[in-house]
Amino acid sequence: MPTVDDILDHIGEFHLFQKQTFFLLALLSATFTPIYVGIVFLGFAPSHHCRSPGVSELSQRCGWSPAEELNYTMPGLGAADEVFLRQCMQYEVDWNQSTLGCVDPLASLAANRSHLPLVPCQHGWVYDTHGSSIVTEFNLVCANSWMLDLFQSAVNVGFFVGSVGIGYLADRFGRKFCLLATILINALSGVLMAIAPTYTWMLLFRLIQGLVSKAGWLIGYILITEFVGLSYRRTVGIFYQVSFTVGLLVLAGVAYALPHWRWLQFAVTLPNFCFLLYYWCIPESPRWLISQNKNAKAMRIIKYIAKKNGKSMPASIQRLRAEEEVGEKLNPSFLDLVRTPQIRKHTLILMYNWFTSSVLYQGLIMHMGLAGDNVYLDFFYSALVEFPAAFIIILTIDRIGRRYPWAVSNMLAGVACLASIFIPDDLQGLRVAVACLGRMGITMAYEMVCLVNAELYPTFIRNLGVMVCSSMCDIGGIFTPFLVYRLTEVWLELPLLVFAVIGLIAGGLVLLLPETKGKALPETIEEAENMQR
């Protein structure tokens, strides 16, 4: 009896039906972007200072503009103390008893400004921006700055729980049902987040978005790879990720046009309701139906695909069989991932590389939002380099192999982060160019780990191995906001130094893995153990 791949050889591996389905699912991939990296615009943190009655009086008396008020310096203070004072604290003095002046307003109060009593900012903050973000609306600065870290970490917690839990449900109840369910919940929670009256409610709806959004993205990835033939599967998987990059470019333009975070949240959420129409456009995966012994339904869908592609079903194809012949049933266990020496080494290296890819990819985007002069242009330019990253992978993985391009891409990202530290601020063009190289490197590494992970495990633990290793991606995403936003308070470039070390170590570890180019997928533990040879 033929397999689905055998039938697709006759009715079309990538014809009209597959192309239309890929286009529809690529739209879904593009709309995942605002949830994954939208913190750059939703949580944009502009320059701010404490709204102090004294500074307001000075501004009125001296006729200062808002920019002059923001740039006002207080004589006698060190630079770090002054930044902290202006952003988060205020003097606890009676300004009516002082002799205010435009040159040295505090001259009549104390000879040494460090002796003046300070209290936390009590009258709110003034933000140097024409738009709004969750930072400016909920005042997530100073003592509350950790709440911005928690906002992004919450969505990564959702990614971790949802991708595992809903991934199981998709195997149990079907791809199509779970895809539509995640789309509906994602759309509703996105709208509710846009109208959330408090930070707590906004955080809750963001967590719900995380629970379903990445799981929906993964289901879309699985669906399109199960609809196409074997020879197109790798290319379609890469271009499904390229559509995510297209979403990055669109997000930059929409965020520039809508600088107010609630309207931006509405704009990036509402398209999800249109995806509910996929109920009539995308059928269930015939491969999943066969795995559930629903061969009659699978055959009806295959006949529909053949009709859509303008092909006829060969008369000899009357029955279907599963992809793998039934033999001794092996029950996968987490211990199988660390039981034998080579597979244990593969597991640890892959887990570290998933962690590294997530930390550097999200971290570089977040750091750009803090350090960039024009966050919209910097975001747009860095997103553009993801296109050549995908094409380089396509050109190299079947010619050079997987291991060396993967190692070089990690090292390129690490070296770019290290070089950015030493480039002076006045060479902004060079800084942007180096940052783009780093972004291209980590994008290649991210896509390579997706490809290679499944090639290093035997069949009966392949899904388990990918699930466990890729979960480190979400763990990395949980820590990244704290890593970026807290370390920049110590030194703006300190996150880049950490990224450089992490990336260079990842590149070195990749060289310890076996090359999988031209090798059949391992079927047993013994074959996986002998891959290094």
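Everything numeric in this text was worked out from a predicted model, so none of it was measured. (Residues numbered from 1 in each chain as written. Predicted model: local features only at pLDDT ≥ 70, side-chain atom pairs only at ≥ 80, totals over all residues. Heavy atoms only, no water.)

J.: Explain the overall build of the protein chain here, please?
T.: In terms of helices and strands, the protein chain carries 25 helices and four strands. Every one of the 533 residues in the protein chain was classed for burial, and the buried ones make up 53%. Contacts spanning at least 24 positions in sequence make up 81% of the contacts within the protein chain whose residues lie at least 6 apart. On the protein chain, roughly 24100 Å² of surface is accessible, and the fraction owed to carbon and sulfur atoms is 65%. (Helix = DSSP H or I, 4+ residues; strand = E, 2+ residues; numbered from the N terminus. Buried < 20%, exposed > 50% of the residue type's maximum accessible area, 1.4 Å probe, protein only. Contact = heavy atoms within 4.5 Å. Areas by Shrake-Rupley, 256 points an atom, 1.4 Å probe, with all protein chains shown as cover.)

J.: Whenever I open this one, helix H9 (residues 146-173) confuses me. Can you help?
T.: Residues spaced three or four apart along an α-helix face the same direction, because each turn holds 3.6 residues. Helix length check: H9, at 28 residues, gives a terminal C-alpha distance of 39 Å against a target of 40 Å (1.5 Å per residue), a fit within 8%. Gly 174 occupies a position one or two residues after H9 and carries a positive phi of about 110°. (Expected span 1.5 Å × (residues − 1).)

J.: Where do I start with the side chain of Thr 136 in this structure?
T.: Summarising the element assignment, Thr 136 is placed in helix H8 (residues 134-138). Within the local environment of Thr 136, its side chain forms a polar contact with the backbone nitrogen of Ser 133, the two atoms lying 2.9 Å apart. Discounting chain neighbours no more than four positions away, the residues touching Thr 136 are Pro 46, Tyr 127 and Thr 129. (Polar contact = N/O pair within 3.5 Å; in protein donor to acceptor, adjacent residues only side chain to side chain.)

J.: What is the right way to read the environment of Met 313 from this model?
T.: Here Met 313 lies in the loop between helix H17 (295-308) and helix H18 (341-371). Given a relative accessible area of 22%, Met 313 falls into the partly exposed group. Counting along the chain gives 306 residues from Met 313 to Ile 7, while the straight-line C-alpha distance between them is 8.1 Å. Look past the residues within four positions of Met 313 in its chain and what remains in contact with it is Ile 7, Ile 11, Met 299, Ile 302, Lys 303 and Ala 306.

J.: How should helix H20 (residues 386-396) be read in this particular structure?
T.: Of all the positions in H20, only Glu 386, Ala 389, Ala 390, Ile 393 and Thr 396 are classed as buried. The arc that holds the buried residues of H20, viewed along the axis, is 145°, so those residues lie on one side. (Arc of directions from axis to C-beta.)

J.: Can you walk me through the nonpolar core in this structure?
T.: As a rule of thumb, soluble globular proteins bury nonpolar side chains together. Judged by nonpolar contacts, the single largest core of 131 residues is most densely connected at Tyr 36, Met 202, Tyr 361, Phe 379 and Trp 406. The contact partners of Phe 379, leaving out residues within four places of it in the chain, are Val 37, Val 40, Phe 41, Leu 248, Leu 251, Ala 252, Ile 365 and Met 368. (Core = buried A, V, L, I, M, F, W, Y, C linked by side-chain atoms within 4.5 Å.)

J.: Explain unusual backbone geometry to me, please; I cannot follow it from the model alone.
T.: Across residues other than glycine, the phi torsion is negative in most instances, and most of the peptide bonds are trans. Here Asn 139, not a glycine, exhibits a phi torsion of approximately 55°, which is positive. Accessibility expressed as a relative area gives 24% for Asn 139, which makes it partly exposed. The backbone phi angle of Cys 142 is positive, close to 55°, even though this residue is not glycine. Along the chain, the position of Cys 142 falls in the loop between H8 and H9.

J.: In this structure, what is going on with the packing of aromatic side chains? I would like to understand it.
T.: One pair of aromatic rings is described through two measures. These are the centre distance and the angle between the planes. In total, this model carries 26 aromatic pairs according to the counting rule given. Both rings, one in Phe 138 and one in Tyr 199, keep their centres 6.4 Å apart while their planes meet at 70°; by these two values the pair is edge-to-face. One end of the pair, Phe 138, is in helix H8; the other, Tyr 199, is in helix H11 (residues 199-227), with 61 residues separating them in the sequence. In this pair, the class of Phe 138 matches that of Tyr 199, namely buried. Through pairs of rings, three or more aromatic residues link up here, namely Phe 32, Tyr 36, Phe 159, Trp 217, Tyr 221, Tyr 240, Phe 244, Trp 354, Tyr 361 and Tyr 446. Residue placement shows Lys 176 over the ring face of Tyr 279; its charged tip is 4.7 Å from the ring centre. Against the face of Tyr 404 rests Arg 403, its NZ or CZ located 5.1 Å from the ring centre. (Phe/Tyr/Trp six-rings, centres within 6.5 Å; stacked < 30°, edge-to-face > 60°. Lys NZ or Arg CZ within 6 Å of the ring centre and 35° of its normal.)

J.: Explanation requested: the environment of Ala 389 in the structure shown.
T.: Its location among the elements puts Ala 389 in helix H20. With relative accessibility at 0%, the residue Ala 389 sits in the buried group. Ala 389 sits 20 residues away from Ser 409 along the chain, and the two C-alpha atoms are 9.3 Å apart. In this structure, Ala 389 is in contact with Met 440, Thr 443 and Met 444, ignoring residues within four places of it in sequence.

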